[in-house]
Structures are given as structure tokens and as C-alpha cells.
Amino acid sequence: MFEEIGKIEGCEIKKNRVNEFLEADGAVKLDDVESELQRLYQTFLKSKENNESLMNEKNQAVEESEVIAAALKILGEGSGAETSQGLSQPILDEDALGGRRLGYVAGVVPRIDEMRFSRA
């Protein structure tokens, strides 16, 4: 608990003030203080776990955003003018992949044409 309190800015733990403690004897009930401190510590731990979970979710969302941005950069963003051609437009332009060839294409092929599309 001392480590966690030490990380908080402007928070200071005062030690070895025995005389002041004894002078205030009876004014403070330590059982109440201890139970309150334990409750606050449990709340602090839950908040810390929640913060870690939220940070993980945020990092995952940022990673997904970067993957989408990279995919759009590689494949190119479609504009309204390009999609207006409908089925007559090729799926990939010649320069869509920066001169790279496709290695695999997914789809359905009739059984008759299966041999034509299989690799040797």
C-alpha cells in the first residue's frame, strides 16, 4: 500500500510521530480507520484493474485502426466514381497492389473448370 500511495502526487506519509498519536488517544478509533482504509484500498484495486482493462481495449482498438489504415493504403480507397461502373469494373486495377501479383483467389469454380484452376 505504501508503494501505491507513494506514486500519488502530493501525497505524503508521516511516520514516527508517536507523541502526537498518544495525545490524540481516544479521539480516533483505529478500528473505524482500519475498516475505512481497507474499503478504500479494495476500491482502489478495482479501479486499477478497470483502468488496465480499459487501456487494453483502447490499445486493441488503436491496433485495429492501424491495420485498417494499412489495408486501405495497400489496396487503395474506393471512391464513388470508381464504384459507379458496377460489374464492368475489374476487382483490382493493374496498379492496385503496387505491381504485386495475387497468390490466392477465393471463390467458387464449377467442377468442369476445376482442373483448369488447380495448381500442378
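Residues numbered from 1 in each chain as written. Predicted model: local features only at pLDDT ≥ 70, side-chain atom pairs only at ≥ 80, totals over all residues. Heavy atoms only, no water.

Draft legend 1. Layout of the overall build of the protein. Of the regular secondary structure elements, the protein holds five helices and zero strands. Taking all 120 residues of the protein together, the buried fraction comes to 2%. Accessible surface, the protein as shown: approximately 11900 Å² in total, 54% of it carbon and sulfur. (Helix = DSSP H or I, 4+ residues; strand = E, 2+ residues; numbered from the N terminus. Buried < 20%, exposed > 50% of the residue type's maximum accessible area, 1.4 Å probe, protein only. Areas by Shrake-Rupley, 256 points an atom, 1.4 Å probe, with all protein chains shown as cover.)

Draft legend 2. Local environment of the environment of F44. Within the secondary structure layout, F44 lies in helix α3 (residues 30–75). Separated by 40 residues in sequence, F44 and E4 have C-alpha atoms that sit 9.4 Å apart.

Draft legend 3. Structural detail: α3. Helix length check: α3 (46 residues) gives 67 Å between terminal C-alpha atoms against 68 Å at 1.5 Å per residue, within 8%. Positive phi appears at G76, one or two residues downstream of α3, with a value of about 85°. (Expected span 1.5 Å × (residues − 1).)

Draft legend 4. Molecular detail of a nonpolar patch on the surface. Where nonpolar side chains cluster on the molecular surface, the patch consists of V18, F21, L22, V28, L30 and V33 and spans about 560 Å² of accessible area. Top element by residues in the nonpolar patch is helix α2 (residues 18–23). It accounts for three residues. Note that V33 resides in helix α3. (Patch = residues over 30% accessible without salt bridge, like charges linked within 9 Å, V, L, I, M, F, W, Y side chains within 5 Å. Salt bridge = Lys/Arg side-chain N within 4 Å of Asp/Glu carboxyl O.)

Draft legend 5. Summary view of the confidence of the model for the protein. Looking at the protein, the pLDDT average stands at 77 and 73% of residues meet or exceed 70. Here helix α4 (residues 80–83) is the element of the protein with the lowest mean pLDDT, 48, and α3 is the one with the highest, 90. (pLDDT = per-residue confidence, 0-100.)

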